Amino acid sequence: MESPKYTGLEFLTALKNGEVSPSPMAHTIPMELVAVSEGKATYKVTPRKEHRNIQGGVHGGFCATALDTATGSAAHTLLEHGVGYGTIDLNVKMIRPMQVDTSYYATAELINAGRNIISTEGKIVDENGKVYAFASATLMIIRK
């Protein structure tokens, strides 16, 4: 869990540097934060055989989860300590099939940050920058 001593960017930087443990979801959907800065985040994501759907392709839920994580992280970088967020809308478009045991990058960046709502966008790309899925997200700031 996030410690109140961290801002969002400090927490994600500590996660990237291995100073805090990843969430359990990062084991279910293999995700490793590889780059983070204000308003931006990039995760390395690798679908495995257990992420296949009934037809044998990588399940769309893999893409949605990876993009939810990346777009949420881009928003998280803006938050002060003790402030949270929740995704209120995630719109995902999958445009080409991903392959099992191949690594991709889920990248996201800020579109707009208001007082209560943050908008971000993201995409899943291969090492050559070819897009496999993209998303827009709307996140609500939660002040405790």
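Cut-offs used in this document
- Residues numbered from 1 in each chain as written.
- Predicted model: local features only at pLDDT ≥ 70, side-chain atom pairs only at ≥ 80, totals over all residues.
- Heavy atoms only, no water.
- UniProt positions renumbered as here; feature names shortened; annotations may be inferred.
- Helix = DSSP H or I, 4+ residues; strand = E, 2+ residues; numbered from the N terminus.
- Expected span 1.5 Å × (residues − 1).
- Buried < 20%, exposed > 50% of the residue type's maximum accessible area, 1.4 Å probe, protein only.
- Patch = residues over 30% accessible without salt bridge, like charges linked within 9 Å, V, L, I, M, F, W, Y side chains within 5 Å.
- Areas by Shrake-Rupley, 256 points an atom, 1.4 Å probe, with all protein chains shown as cover.
- Salt bridge = Lys/Arg side-chain N within 4 Å of Asp/Glu carboxyl O.
- Contact = heavy atoms within 4.5 Å.
- Pairing = 2+ DSSP bridges.
- Axes fitted to C-alpha atoms, helices over the stretch in contact; angles between N-to-C directions.
- Phe/Tyr/Trp six-rings, centres within 6.5 Å; stacked < 30°, edge-to-face > 60°.
- Lys NZ or Arg CZ within 6 Å of the ring centre and 35° of its normal.

Colleague: Can you walk me through the UniProt feature "domain: Thioesterase" (unreviewed entry) in the protein in this structure?
Modeller: Here the UniProt feature "domain: Thioesterase" (unreviewed entry) sits at residues 56-131. Overall, residues 56-131 shows 22% helix and 42% strand. The separation of its end C-alpha atoms is 20 Å.

Colleague: What is the right way to look at helix H3 (residues 60-76) in this model?
Modeller: Because an α-helix packs 3.6 residues into every turn, residues spaced three or four apart end up facing the same way. In this model H3 runs 24 Å from its N-terminal to its C-terminal C-alpha over 17 residues, within 8% of the 24 Å that 1.5 Å per residue would give. Taken residue by residue, H3 has Phe-62, Cys-63, Ala-66, Leu-67, Ala-70, Thr-71, Gly-72, Ser-73, Ala-74, Ala-75 and His-76 as its buried positions.

Colleague: How should I be thinking about a nonpolar patch on the surface in this particular structure?
Modeller: On the surface, a cluster of nonpolar side chains totalling about 320 Å² of accessible area is made up of Ile-88, Ile-117, Met-140 and Ile-142. Locating Ile-88 in the fold gives a position in strand S3 (residues 83-94).

Colleague: Looking at this structure, I do not really get the environment of Glu-109. What am I missing?
Modeller: The residue Glu-109 is located in strand S4 (residues 104-113) in this model. Judged by its relative accessible area of 37%, Glu-109 is partly exposed. Each C-alpha atom of the pair Glu-109 and Ser-136 lies 9.8 Å from the other, and the pair is 27 residues apart in sequence. Non-local contacts of Glu-109, meaning those with residues more than four positions away in its chain, are made with Gly-39, Lys-40, Ala-74, Thr-120 and Glu-121.

Colleague: How should the pairing of S4 be read in this particular structure?
Modeller: The side chains of a regular strand alternate, residue by residue, between the two faces of the sheet. Pairing of strand S2 (residues 40-45) with S4, which is carried by six bridges, proceeds in the antiparallel orientation. Its bridge partner being in S4, Lys-44 is matched across the sheet by Tyr-105. Pairing geometry for S4 and strand S5 (residues 117-125), over eight bridges, is antiparallel. Within S5, the residue paired with Tyr-105 across the bridge is Val-125. In this antiparallel pair of consecutive strands, S4 and S5, the connection spans three residues.

Colleague: Help me understand the sheet that holds S4 in this model?
Modeller: To summarise the sheet geometry, strands pair through backbone hydrogen bonds and adopt either a parallel or an antiparallel arrangement. Across the sheet, six strands lie side by side as S1-S2-S4-S5-S6-S3; this open sheet has antiparallel pairing. Only two strands of the sheet have a single neighbouring strand rather than two, namely strand S1 (31-37) and S3. If you compare each strand with its neighbour and ignore which way they point, the axes differ by 20 degrees on average. Strands S1 and S2 of the sheet are contacted by helix H1 (residues 8-16), whose axis makes an angle of about 135 degrees with S1.

Colleague: Looking at this structure, I do not really get the packing of aromatic side chains. What am I missing?
Modeller: In this description, an aromatic ring pair is defined by two values, namely the gap between the centres and the angle between the planes. All told, the structure shown has two aromatic pairs when counted by the stated rule. Residues Tyr-6 and Phe-11 carry aromatic rings whose centres are separated by 5.9 Å and whose planes lie at 70 degrees to one another, so their mutual orientation is edge-to-face. The pair Tyr-6 / Phe-11 is uniform in exposure class, with both members buried. A centroid spacing of 4.9 Å and a plane angle of 65 degrees characterise the contact between Tyr-104 and Tyr-132, whose relative ring orientation is edge-to-face. Placement of Tyr-104 in strand S4 and of Tyr-132 in strand S6 (residues 131-143) is noted, with a sequence separation of 28 residues between them. The exposure class of Tyr-132 is buried, given its relative accessible area of 10%. The aromatic ring of Tyr-132 is capped on one face by Arg-96, whose charged end is 5.8 Å from the ring centroid.

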